[in-house]
Structures are given as C-alpha cells and as structure tokens.
Amino acid sequence: MKYLIDKLTSNGSLSKEEWCMLIDRRTSDTAEHLFENARKKREQYYGKDVYIRGLMEFTNYCRNDCLYCGIRKSNANVTRYRLTKEQILACCEAGYSLGFRTFVLQGGEDGYFTDDRMTEIISEIRRKFTDCAITLSMGERSRESYQRFFDAGANRYLLRHETYNYEHYSRLHPENLSAKNRQQCLWDLKEIGYQVGTGFMVGSPYQTTENLAEDMLFLQKLNPQMVGIGPFIPHHDTPFCDFHAGTLELTLFMLGLIRLLIPKVLLPATTALGTIAPNGRELGILAGANVVMPNLSPIDVRKNYTLYDNKICMGTEAAECIEDLTKRMESIGYKIVTVRGDSLNESLGTGHLSKRDRVNIN
Ligand code: SAM
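Below is a short write-up of the structure. Predicted model only: the values in this text are computed from it and were never measured. (Residues numbered from 1 in each chain as written. Predicted model: local features only at pLDDT ≥ 70, side-chain atom pairs only at ≥ 80, totals over all residues. Heavy atoms only, no water.)

### Re helix α9 (residues 209–222)
For α9, spanning 14 residues, the distance from its first C-alpha to its last is 20 Å, which sits close to the expected 20 Å at 1.5 Å a residue. The element α9 is extensively covered by neighbouring structure, given that 10 of its 14 residues are classed as buried. Listed as buried for α9 are Asn211, Leu212, Ala213, Glu214, Asp215, Met216, Leu217, Phe218, Leu219 and Leu222. Buried residues along α9 sit against α2 (16–24), α7 (166–172), α8 (179–192), β6 (195–202), β7 (226–231) and α10 (248–261). Asn223 lies just past α9 and shows a positive phi near 50 degrees. (Helix = DSSP H or I, 4+ residues; strand = E, 2+ residues; numbered from the N terminus. Expected span 1.5 Å × (residues − 1). Buried < 20%, exposed > 50% of the residue type's maximum accessible area, 1.4 Å probe, protein only. Contact = heavy atoms within 4.5 Å.)

### Let's talk about the site of the ligand
Around the ligand lies a shell of 19 residues, among which Tyr68, Gly107, Arg160, Glu162 and Ile233 are the nearest. Backbone polar atom of Tyr68 to a nitrogen atom of the ligand: 2.9 Å apart, as the coordinates give it. A distance of 3.1 Å is found between an oxygen atom of the ligand and a side-chain nitrogen or oxygen belonging to Arg182. Look at the ligand: alone it shows 560 Å² of surface, and the protein chains cover 92% of it. Partitioning the shell around the ligand into residue classes produces 11 nonpolar, 5 polar and 3 charged. (Near = heavy atom within 4 Å. Polar contact = N/O pair within 3.5 Å; in protein donor to acceptor, adjacent residues only side chain to side chain. Areas by Shrake-Rupley, 256 points an atom, 1.4 Å probe, with all protein chains shown as cover. Nonpolar A, V, L, I, M, F, W, Y, C, P; charged D, E, K, R; others polar.)

### What to know about the packing of aromatic side chains
Here the structure, examined in full by the defined rule, presents 15 aromatic pairs. Each ring, one from Phe240 and one from Phe243, has its centre 5.1 Å from the other, and the planes form 75 degrees; the classification is edge-to-face. Since its relative accessible area comes to 30%, Phe243 is described here as partly exposed. Cation over ring: Arg26 sits above Phe253, and NZ or CZ is 5.8 Å from the ring centre. A cation over a ring is seen here: Arg101 above Tyr96, with NZ or CZ 3.5 Å from the ring centre. (Phe/Tyr/Trp six-rings, centres within 6.5 Å; stacked < 30°, edge-to-face > 60°. Lys NZ or Arg CZ within 6 Å of the ring centre and 35° of its normal.)

### As for the environment of Lys40
Here Lys40 shows up in helix α3 (residues 28–46). Considering only alpha carbons, one finds Lys40 and Arg259, 219 residues apart in sequence, at a separation of 9.8 Å.

### A short note on the pairing of strand β3 (residues 102–107)
Judged by how many residues are buried, β3 sits mostly within the fold: 6 of 6 residues are covered. Relative to β3, strand β2 (residues 54–59) runs parallel, the two sharing 5 bridges. When the sheet's bridge partners are listed, Glu57 is paired in β3 with Gln106. In this fold, β2 hands off to helix α4 (residues 85–97), which returns the chain to β3; that crossover is right-handed. (Pairing = 2+ DSSP bridges. Right-handed = clockwise from strand over helix to strand, strands pointing away.)

### Focus on the pattern of salt bridges
One pass over the full model with this rule turns up 25 salt bridges. A salt bridge links Glu162 to Arg182, with the shortest nitrogen-to-oxygen separation between them at 3.4 Å. Within this pair, whereas Glu162 is found in the loop between β5 (156–158) and α7, its partner Arg182 is found in helix α8, the two being separated by 20 residues in sequence. Since its relative accessible area comes to 8%, Glu162 is described here as buried. By relative accessible area, which is 10% here, Arg182 ends up buried. Three or more residues joined by partner-sharing salt bridges are found here, namely Lys85, Glu120, Glu124, Arg127 and Lys128. (Salt bridge = Lys/Arg side-chain N within 4 Å of Asp/Glu carboxyl O.)

### Brief notes about unusual backbone geometry
Look at Tyr206: it is not a glycine, yet its phi comes out positive at around 70 degrees. Topologically, Tyr206 is positioned in the loop between β6 and α9. In this structure, Asn310 is a non-glycine residue whose phi angle is positive, near 65 degrees.

The quantities given are spatial measurements derived from coordinates; they are silent on function.
Written as structure tokens, this is what we have:
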C-alpha cells in the first residue's frame, strides 16, 4: 500500500477505489510511512508550530436531535445553559492574556441567539480584539445569517459535514436534517469568503470504508482551510449509547491522509482524540495535525457541554490546560505558538466549480 501513499504524496489525489484499498489494507508499516510523509508536508508549511484556538462553548441548547450527540434536544438529563455577551467577552479577555489570538464560539443550534444578538456579540469581539480571528461553529443557518456574521467581523466557520453519503447521513440524523443542506451551507460559507472548516467523525455508527472514501473526495472538492476529525464516542443518554467508539488507530490514519490530501490545511488534534487515549493529541500531531483547541469556557458550565462520555479537560483552568499542552507538545519536539495562525490553504472560492461538480463526487 506504500505506493498509494507515495502517489497521494506526489499527486494529492486518489480515486475512490484507491482510497478504499488504502484504508482497508492499511498495516502498521503503511501507517508509519504515511505519518512520516504527513509530518514532512506539515513541517514544510507550518514547521514545528502548533496553533492554539480558544474554544468557548457558549450554549448547549440545541433544536436538533442528532442521534450521536449528548446535547441533543431529547436528552432531558442535560442542564441547559447559555453564556451572556458579558461572559463571552470575559472569556475572550482571559484568553487574550493567555496568548490566544483565535476565539471559537461553538454551540448547539439555539434559537435564542438570533442574527441580531449574534451580530452584536461578534461586532463587540471584533471591536475589542482587532488582531484576533473569530471562528463560529453554530450549525446550519441561512446564507443571509452567515453573511451578516461575516460582515460583523467573523472570519472562519466550522461546520463538519459529518458524512458525505446521504444515506449514511440519514442514519445519524433525524429526518428534518439532510446532508444536502449541510453541504450547501459549506458552499455558501465558502462563497461568502469565510475560511471554512469541515470534517467528520471516525467510526460513527454504520460508517463503511466507502463512506470514508467519499468523505475524502468531498474534502478534495471543497478544499477547506480546516478539517476537524475525531473518533465517534458514545454518550450514555443517546440512541447510540451501545455502539463502539471509533478507534485511535483509524483516526490517526485518517489524519495522516488528510494532511497529504490538503497539505496546507489546518488540522486539529481534537479533544475527542485526547479522550480515547491519554496521549491521543500528541499522536495526532505526530500523524500530521497542527492545531489544538483548549477550552476557555467557564469551568462551571463545562460539565454540561458533554457531547460524549468521559470528555477530558472538564475541570481544568485554561491557563493550566495551556501549560499541560505546552509540555506535551515539547515532549514530542513541537511548540505551541500564540499567533492568529491563518490557514495557508487559500480559498479558491467556488466560481471554478460547476454545480454538478459540487454535488457529484462519485
Ligand atoms: N451545533 C454545531 C454543529 O452542528 O456544527 C456545533 C456543535 S456540534 C456538538 C460539534 C461537533 O461535535 C459535531 O460536528 C460532531 O461531529 C461532534 N460530536 C457530537 N457528538 C459526538 C460524539 N458522540 N462523538 C464524537 N463527536 C461528536
């Protein structure tokens, strides 16, 4: 399989059949070869730097009922909260003094945060922290809303596509949500001018190798600035409580493949990766990742933003978290840097793709 890794390294693409073959027939030898190539690419563009993003989980109210997610609407055991504008700004303030230059506002799809309320929050952060990037991750909104947030000063948007395949998507989500709309949101965000992040869970229920191959083809087509992947981890209060978690091994392999597919992409070693293995984030960096996202949310609300069981960093102050991550990164020869850390993968816009191209990746 090494020849496919070499082909991917030099061409930056594979066919669907080749993706399937490479994923299905991977061995520890193939993985080592992959990680070596992925590290080389990553270091070519980003050196040994690891970017940090200050994550603020600003609301756990959600109108959606995604079958895998611990904060889904039907989970009556969640204590719901939302941060006020003042609390969000205080988190930014604290984060700024710790060196964060990117703030990520992530939350459930919460009707309380109307366009007006969000625009006010974004404008205020933009006014106070002119040298910082503002990243939003708040699910599917209308194109008009995305445009208003962008105009107010948001720069980046994270919206995992979750799975490209329509049928697989429908097995993970309630009927009112569709892969088509999710993907359309991503194209809209891109056209507006956001630096766009997408991604998927590894080992989600019913996922096949072919689904993963389709995810890779979709990433190639969308050409995002960021890709967030992490293992699916069951949450005890969801319909997927009895499914197995995705594995560390496959998640690392997919991280390496994504680095070779889009060499300049920003690729986080996610909290979910750190949850399934104590050194998961270090291994993620060694597989080609170059971002970590410590939590800036107030400690007292963190336990209520439980997307999956055993999530790490529930009670650790941001400063302590940074200290811990700094040591972890140093132990593997990498270093945390406190810059804005924009993606070197420039947005190509989508003007060059026909609508048919966008939809059909098979
Ligand atoms: N509501 C926004 C959205 O839909 O993009 C952002 C919040 S959502 C909870 C953030 C991400 O958490 C999702 O895109 C999903 O991939 C991930 N997630 C949710 N439940 C998970 C689970 N059980 N295991 C791993 N990741 C999970």
